[in-house]
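Overview (structure and organization)
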Amino acid sequence: MLLLVLPLVAASCSSSTGSVHSAATAPSAVSAGSTSVSPGSTPSTATNGQAAIPAEITRCATAGLTVTLGAVTTVAASQRQTPVTFTNRSATRCSMYGFPGAQLLSADGTTYDIPRSPLVSSTRIVLAPGANAHATLTYLADDTASSSDFAATRLVVTPPDERSSTVLPWTYGPIVNQEGATHPGTYIMALTPGA
């Protein structure tokens, strides 16, 4: 009886070995676009066993931005402009879109909300580390120092979709108080690339 069982076991192992050998002699590479992948290996772009995925570009956060006011230029007799510049000081790219929030403050804490102007269309801006974007702030200066002006001392700037702000000193003098005006002479435009 032992002599009959042993050949059957050997034959069974041989059959199993034959199946494994057949799989081992299959083609060694599979083409996926221009990338060759060997069975059991990962693509050359793999990281930790997974195919590399482009890093998502997140929104620029207030903590990763430096905000500055630029030089003033005269637009009309008493209307002037200054760029509000955002510099990406983080180590990664980030994106900005739309308008920054802008509010002037007086010494006693009174606020003056600066309206948005549609003169510049919003566009998504991707900032590499160290790169800039700016929003032009146009303001109607009150050179007469009348009682109806707004004596601004600080500018509060909030990046788009952020809740925290940067407070900058406002050294450009009082502005004409036009709160509630249909076409005010003080406004801020959408962000554009560059300083």
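Here's a quick rundown of the structure. As the structure is a computational prediction, the values presented were derived from the model and not from experiment.

Here we take up the packing of aromatic side chains. For the structure shown, the criterion picks out 4 aromatic pairs. Ring centres of Y139 and Y172 lie 6.1 Å apart, and the angle between their planes is 10 degrees; on these two criteria the pair is classed as stacked. Placement of the pair is Y139 in strand β13 (residues 132–140) and Y172 in the loop between β16 (166–169) and β17 (175–176), with a sequence separation of 33 residues. A relative accessible area of 2% means that Y139 is categorised as buried. Summarising the aromatic geometry, the rings of W170 and Y172 are spaced 5.0 Å apart at their centres and angled 75 degrees between planes, so their arrangement reads as edge-to-face.

Applying the stated rule across the entire model yields 1 disulfide. One disulfide in the model links C60 with C94; its S-S distance is 2.0 Å. What sets the handedness of the C60 and C94 disulfide is the S-S torsion sign, and at about 85 degrees it is right-handed. Taken together, the positions of C60 in the loop between β5 (58–59) and β6 (65–69) and C94 in strand β9 (residues 94–96) put the pair 34 residues apart, joining distant regions of the chain. Side by side, C60 and C94 carry an identical accessibility label, which is buried.

Here the focus is the nonpolar core. The tendency in soluble globular proteins is for nonpolar side chains to be buried as a group. Residues L104 and L155 are the most contacted members of the largest nonpolar core, which totals 27 residues. Of all the elements in the fold, those that place two or more residues in this core are β6, β8 (79–88), β9, β10 (101–106), β12 (125–127), β13 and β15 (152–158). The leading source of residues in this core is β13, at 4 residues. When sequence neighbours within four positions are dropped, the list of residues in contact with L155 reads L69, V84, A102, Q103, L104, I114, L137, T166, V167, L168 and W170.

Conventions adopted
Residues numbered from 1 in each chain as written. Predicted model: local features only at pLDDT ≥ 70, side-chain atom pairs only at ≥ 80, totals over all residues. Heavy atoms only, no water. Phe/Tyr/Trp six-rings, centres within 6.5 Å; stacked < 30°, edge-to-face > 60°. Helix = DSSP H or I, 4+ residues; strand = E, 2+ residues; numbered from the N terminus. Buried < 20%, exposed > 50% of the residue type's maximum accessible area, 1.4 Å probe, protein only. Disulfide = S-S within 2.5 Å. Core = buried A, V, L, I, M, F, W, Y, C linked by side-chain atoms within 4.5 Å. Contact = heavy atoms within 4.5 Å.

None of this, on its own, says anything about what the molecule does.
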